[in-house]
Amino acid sequence: MRLPLGLALFRNRLLADAAFQRRASRLPLVRWVARARARRLFDLATGFVQAQVLAAAVELGLLDALTEGPVERQALEARLGLAPDGLAALLVAAEGIGLVEARSDGRLILGQAGAELLGNAGVLAMVGHHRHLARDLLEPAALFRRAPGGGELARFWPYAGGGHGDAAPYSALMAASQPMVAAQALAAHDFSRHRLLMDVGGGEGAFLEAVAARHPGLLLRLFELPDVAARARARLGGRVEVVSGDFRKDPLPGGADAIALVRILHDHDDPVAADLVRRVFEALPAGGTLLVVEPMAGTRSARTVGTYFAVYLRAMGSGRPRTAVELSRMLRRAGFRRVREERTPLPLVARVLVAEKG
């Protein structure tokens, strides 16, 4: 909740006052607040280092090496190919962010964060992928001075600039990360009420695979660019109808009573996103349903979602994070009359908007 302007300015003057900070750190009643704020500020200032430690741990195979733990340090040195001083530094850094835990006998096991990461293939895939973003952020101020895109991340996602390029790298990343998004949609929405679900821009079909496992009687269709569609056919077999096309210029196939846009709208600028929503509206029959499934800016329990996607999508060269209110407004302008949100267990991963064609 935002404070009134006067109170917010007064708060800022206090928090920026070094003398106030020193007094607060010594007062028993507010010391715990001061310490928590100091930790948050330190994490904010050192977040880049923490992300690089995570990237190194994943690249070197530290988490995989501790899967069966506990493991002796010498065994880790041999498996990871690190000298004793290199491993020692890595372990101190990794333990500081919860990736590993040193036991009293000197052996190592996974820490809480490390165990959670091993159970989430999508997040691990994103950690490896972030090397492309890191190169675009070597001069962070330049990212906001220059026009969007033009760097390594834009080349990874060639469709962001209107081209096609090599579909294999980004298709594999989408396939790895879609299951965690699908889990949110399946927890929020009752897909059994639909006859035919079409996923527009759904990559190799990982989202539809998850839906099919839960709803075997539901007819499924994927609409994707030709190169990606070929990969989807090889993956999905005959369970899903795969149609090739470009939603930026080709009409969407008719016949589906439900259409899903899963992490699609935030990848595109307003004109393209609004035009796609209009195309979806035209393709749906009366009473048809559009599902928008993606992370959204302004999520109370996940404020850094907007931070992350504002930077990521600018480097990518297309799209922006939108709030649920902005997306709802876009859907209504396209003609949808009933727009509502269906709550997901983890809105940080994805939120779900459902729009019906009257």
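Since the model is a prediction, treat every value here as computed from it, not as a measurement.

1. Re the overall build of the protein chain
In terms of regular secondary structure, the protein chain is built from 16 helices and nine strands. With the C-alpha coordinates of the protein chain rotated into their principal frame, the extents come out at 65 × 60 × 40 Å. At a minimum sequence separation of 6, the contacts of the protein chain that also span at least 24 residues come to 64%. Of the roughly 18600 Å² that the protein chain leaves accessible, carbon and sulfur atoms contribute 58%. Counting 47 positive and 36 negative side-chain charges, the protein chain places the averaged centre of each group 9 Å from the other.

2. Side note on the pairing of strand S4 (residues 219-224)
Across the six residues that make up S4, a large majority, five, are buried. Here five bridges tie strand S3 (residues 196-200) to S4, and the two strands are oriented parallel to one another. Counted as the bridge partner of leucine 197 is leucine 220 from S4. Taken together, S3, helix H12 (residues 206-214) and S4 form a β-α-β motif whose crossover is right-handed. Bridge analysis of S4 against strand S5 (residues 241-244) gives four bridges, and the strand direction is parallel. Each bridged residue has a counterpart across the sheet, and for arginine 221 the counterpart in S5 is glutamate 241. In this fold, the crossover linking S4 to S5 by way of helix H13 (residues 226-236) has right-handed handedness.

3. Overview of a positive patch on the surface
Among the surface-exposed residues, Arg2, Arg11, Arg37, Arg40 and Arg303 lie close enough to one another that they form a single positively charged patch. Mapped onto the elements, arginine 303 comes out in the loop between strand S7 (289-294) and helix H15 (304-316).

4. A short note on the nonpolar core
One finds Val200, Val280, Leu290 and Phe336 to be the most contacted residues of the largest nonpolar core, which totals 31 residues. Sorting the residues of this core by element identifies S3, strand S6 (258-262), helix H14 (270-283), S7, helix H16 (324-334) and strand S9 (351-356) as the ones contributing at least two each. Ranked by residues supplied to this core, first place goes to H14 with six residues. Other than its neighbours up to four places away in sequence, valine 280 contacts Leu252, Ile259, Leu261, Leu290 and Phe336. Counting 28 residues, the second largest nonpolar core, distinct from the first, contains Leu197, Ala229, Ala232 and Val352.

5. Details of the sheet that holds S9
The sheet built from seven strands is open, its strands ordered S5-S4-S3-S6-S7-S9-S8 with mixed pairing. Two strands lie at the open edges of the sheet, namely S5 and strand S8 (338-342), each paired on one side alone. On average, each strand axis in the sheet is tilted by 20° relative to the strand beside it, whichever way the strands run. Sheet strands in contact with H16 are S7, S8 and S9, and its direction is about 20° off that of S9.

6. Comments concerning the pairing of S6
With five of five residues buried, S6 lies mostly within the body of the structure. Of the two faces of S6, the one holding Ala258, Ala260 and Val262 and the one holding Ile259 and Leu261 are both buried throughout.

7. Points about the packing of aromatic side chains
In total, this model carries six aromatic pairs according to the counting rule given. With 5.2 Å between their ring centres and 80° between their planes, phenylalanine 156 and tryptophan 157 make a pair best called edge-to-face. Under the relative-accessibility criterion, phenylalanine 156 is labelled buried at 13%. Between tryptophan 157 and tyrosine 170, the ring centres sit 5.6 Å apart and the planes meet at 35°, which makes this aromatic pair tilted. Here the residue tryptophan 157 occupies a position in the loop between helix H10 (152-156) and helix H11 (167-188), and tyrosine 170 occupies one in helix H11, the gap between them amounting to 13 residues. In this structure tryptophan 157 comes out as buried when scored by relative accessible area, which is 8%.

8. Brief notes about the environment of alanine 56
For alanine 56, the position within the fold is in helix H3 (residues 31-60). Overall, alanine 56 belongs to the partly exposed group, its relative accessible area being 26%. As a C-alpha pair, alanine 56 and valine 349 span 293 residues in sequence and 24 Å in three-dimensional space.

9. Here we look at the pattern of salt bridges
According to the stated counting rule, one finds 20 salt bridges in the structure shown. Between aspartate 275 and arginine 278 there is a salt bridge whose closest N-O contact spans 2.4 Å. Within this pair, aspartate 275 and its partner arginine 278 are both found in helix H14, separated by three residues, close to a single helical turn. The partner of arginine 340 in a salt bridge is glutamate 356, and the shortest N-O contact between them spans 3.1 Å. Remark: glutamate 356 occurs in strand S9 and arginine 340 occurs in strand S8; sequence separation between them is 16 residues. Residue classification places glutamate 356 among the buried positions, given a relative accessible area of 14%. A single network of salt bridges, built from pairs that share partners, joins Arg193, Arg338, Arg340, Glu342 and Glu356.

10. Quick look at H12
Every buried residue of H12 is listed here: Ala206, Phe207, Leu208, Val211 and Ala212. Elements in contact with the buried residues of H12: H11, S3, S4, H13 and S6.

Scoring rules and cut-offs
- Residues numbered from 1 in each chain as written.
- Predicted model: local features only at pLDDT ≥ 70, side-chain atom pairs only at ≥ 80, totals over all residues.
- Heavy atoms only, no water.
- Helix = DSSP H or I, 4+ residues; strand = E, 2+ residues; numbered from the N terminus.
- Contact = heavy atoms within 4.5 Å.
- Areas by Shrake-Rupley, 256 points an atom, 1.4 Å probe, with all protein chains shown as cover.
- Lys, Arg positive; Asp, Glu negative; His and termini not counted.
- Charge placed at Lys NZ, Arg CZ, Asp CG, Glu CD.
- Buried < 20%, exposed > 50% of the residue type's maximum accessible area, 1.4 Å probe, protein only.
- Pairing = 2+ DSSP bridges.
- Right-handed = clockwise from strand over helix to strand, strands pointing away.
- Patch = residues over 30% accessible without salt bridge, like charges linked within 9 Å, V, L, I, M, F, W, Y side chains within 5 Å.
- Salt bridge = Lys/Arg side-chain N within 4 Å of Asp/Glu carboxyl O.
- Core = buried A, V, L, I, M, F, W, Y, C linked by side-chain atoms within 4.5 Å.
- Axes fitted to C-alpha atoms, helices over the stretch in contact; angles between N-to-C directions.
- Phe/Tyr/Trp six-rings, centres within 6.5 Å; stacked < 30°, edge-to-face > 60°.

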